[in-house]
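An overview of the molecular structure
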Amino acid sequence: METIHMIKNMPGNLRREALRAFKKLHKTRLRTFQGDEYALQVTRQRINDEFRKNKNVADESAVQELIKLAIDVEHEIKTTVVQAVEIEPGKFEVRITPDTVKLNNIPFGQPVDKSQFRPVPKCSDPSVK
């Protein structure tokens, strides 16, 4: 809880935003790495270390940038990190949450319409240097 006390020296609005970002990161960490004690400990330590490292930043614009970074990191963890567990040799079960970004992929083994892809120059093309 030392990290929360560090935030007390900031102006009220920034302090609330920093605390909200701190708590949101930890909630996302708990959801994303549920059941993985190692990942939970490592991410907890990293979040706390980063907030502790920046505890003496006094410039309001710098603090706002750090808060934005924390929010961006939280979003990235929430939308791109998945857990995979090997349930038998070579077979994995992946936990995908409703927040996980899913792209439009072509299922394996399905016919592909190559007109969907843009031409890519080859290294042997004279225009590529």
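Residues numbered from 1 in each chain as written. Predicted model: local features only at pLDDT ≥ 70, side-chain atom pairs only at ≥ 80, totals over all residues. Heavy atoms only, no water.

**Focus on the overall build of the chain**
Definition in use: Strands are runs of DSSP state E lasting at least 2 residues, helices are runs of H or I lasting at least 4, and numbering of each runs from the N terminus. When a residue's accessible area, from a 1.4 Å probe over protein chains only, is under 20% of the maximum for its type it is buried; when over 50% it is exposed; and in between it is partly exposed. Only heavy atoms enter the contact rule, under which two residues are in contact if any of them lie within 4.5 Å. Note on areas: these come from Shrake-Rupley sampling with a 1.4 Å probe, and a residue is covered only by the protein chains present in the view.
Scanning the chain for helices and strands turns up four helices and two strands. Buried residues in the chain amount to 21% of all 129 residues. Long-range pairs, those at least 24 residues apart, make up 47% of the contacts in the chain between residues at least 6 apart in sequence. On the chain, roughly 10,400 Å² of surface is accessible, and the fraction owed to carbon and sulfur atoms is 55%.

**With respect to the pairing of strand β2 (residues 91-95)**
Defined as follows: Paired strands are those between which DSSP finds at least two bridges.
Summarising the sheet, strand β1 (residues 83-88) and β2 pair through five bridges and their orientation is antiparallel. Residue V85 lies in a different strand from β2, and its bridge partner there is E93. The turn joining β1 and β2, which pair antiparallel and follow one another in sequence, is formed by two residues; a positive phi near 80° is taken by G90.

**A closer look at a positive patch on the surface**
Put simply, the test is: The patches described consist of residues with a relative accessible area above 30% and no salt bridge, like charges being joined within 9 Å and nonpolar side chains (Val, Leu, Ile, Met, Phe, Trp, Tyr) within 5 Å. When a carboxyl oxygen of Asp or Glu lies within 4 Å of a side-chain nitrogen of Lys or Arg, that pair is called a salt bridge. Note that His is not counted, nor are the chain ends; the positive residues are Lys and Arg, and the negative ones are Asp and Glu. Each charge is placed at NZ for Lys, CZ for Arg, CG for Asp and CD for Glu.
Where like charges cluster on the molecular surface, the positive patch consists of R15, R16, R20, K23, K24, K27 and R31. Tracing the backbone shows K27 in helix α2 (residues 12-32).

**Quick notes on the packing of aromatic side chains**
Spelled out, the test is: Pairing of aromatic rings covers Phe, Tyr and the six-membered ring of Trp, with a centre-to-centre limit of 6.5 Å; geometry is then stacked below 30 degrees between planes, edge-to-face above 60, and tilted otherwise.
In total, this model carries one aromatic pair according to the counting rule given. When the centroid spacing of 4.9 Å and the interplanar angle of 75° are considered together, the rings of F22 and F51 count as edge-to-face. Taken together, the residues F22 in helix α2 and F51 in helix α3 (residues 37-53) connect sequence positions 29 residues apart. Looking at F22, the relative accessible area reads 8%, which means it is buried. The exposure class assigned to F51 is buried, which follows from its relative accessible area of 18%.

**Examining the nonpolar core**
Filter applied, for reference: Joining through side-chain atoms within 4.5 Å is the link that ties buried Ala, Val, Leu, Ile, Met, Phe, Trp, Tyr and Cys residues into a set, and such a set is a nonpolar core.
L14, A18, A21, F22, L25, I47, F51, V63, I67 and A70 form the largest nonpolar core, which has ten residues in total. Of all the secondary-structure elements, those providing two or more residues to this core are α2, α3 and α4 (60-80). Counting residues per element, this core draws most heavily on α2, at five residues. In contact with A70, other than residues within four places in its own chain, are A21, L25 and F51.

**A few points about the confidence of the model for the chain**
In plain terms, the rule: Each residue carries a pLDDT score, the predictor's own confidence in it, on a scale running from 0 to 100.
For the chain, per-residue confidence averages 85 on the pLDDT scale, and 88% of positions sit at 70 or higher. The least confident element of the chain, judged by mean pLDDT, is helix α1 (residues 2-6) at 47; the most confident is α3 at 96. Contacts for the low-pLDDT stretch residues 1-6, under 50 throughout, to residues beyond four places or in other chains number ten contacts.

**Observations regarding the packing of α2 against α3**
Here is the rule: For helices, the fitted line uses only the C-alpha atoms of the stretch in contact; every axis is such a line through C-alpha atoms, and the angle between N-to-C directions lies from 0 to 180 degrees. Each angle is binned into one of four classes, with values under 35 degrees roughly parallel, values over 145 roughly antiparallel, values of 65 to 115 roughly perpendicular, and all other values oblique. Think of it as three bins: nonpolar holds Ala, Val, Leu, Ile, Met, Phe, Trp, Tyr, Cys and Pro, charged holds Asp, Glu, Lys and Arg, and polar takes everything else, Gly as well.
Where α2 meets α3, the closest approach of the two axes is 10 Å, and the angle between their N-to-C directions is 170°. Accordingly, the angle class assigned to the pair α2 and α3 is roughly antiparallel. Contacts between α2 and α3 pair A18, A21, F22, L25, H26, R29 and L30 from the former with L40, T43, R44, I47, N48 and F51 from the latter. Each residue belonging to the contact of α2 with α3 can be placed in one class, and the counts come to eight nonpolar, three polar and two charged.

**Considering the pattern of salt bridges**
A side chain with one charge may pair with a side chain of the opposite charge, provided their charged atoms come close. Using the criterion set out here, one finds five salt bridges in the structure. The salt bridge involving E50 is made with R46; its shortest N-O contact spans 3.3 Å. Of the two residues, E50 and R46 are both situated in helix α3; the distance of four residues between them amounts to about one turn of the helix. You can call E50 partly exposed: its relative accessible area is 29%. Among the ionic pairs, E50 bridges to K53, the shortest N-O distance being 3.1 Å. Of this pair, E50 and K53 both sit in helix α3, three residues apart, which is roughly one turn of that helix. The network of salt bridges with shared partners includes R46, E50 and K53.

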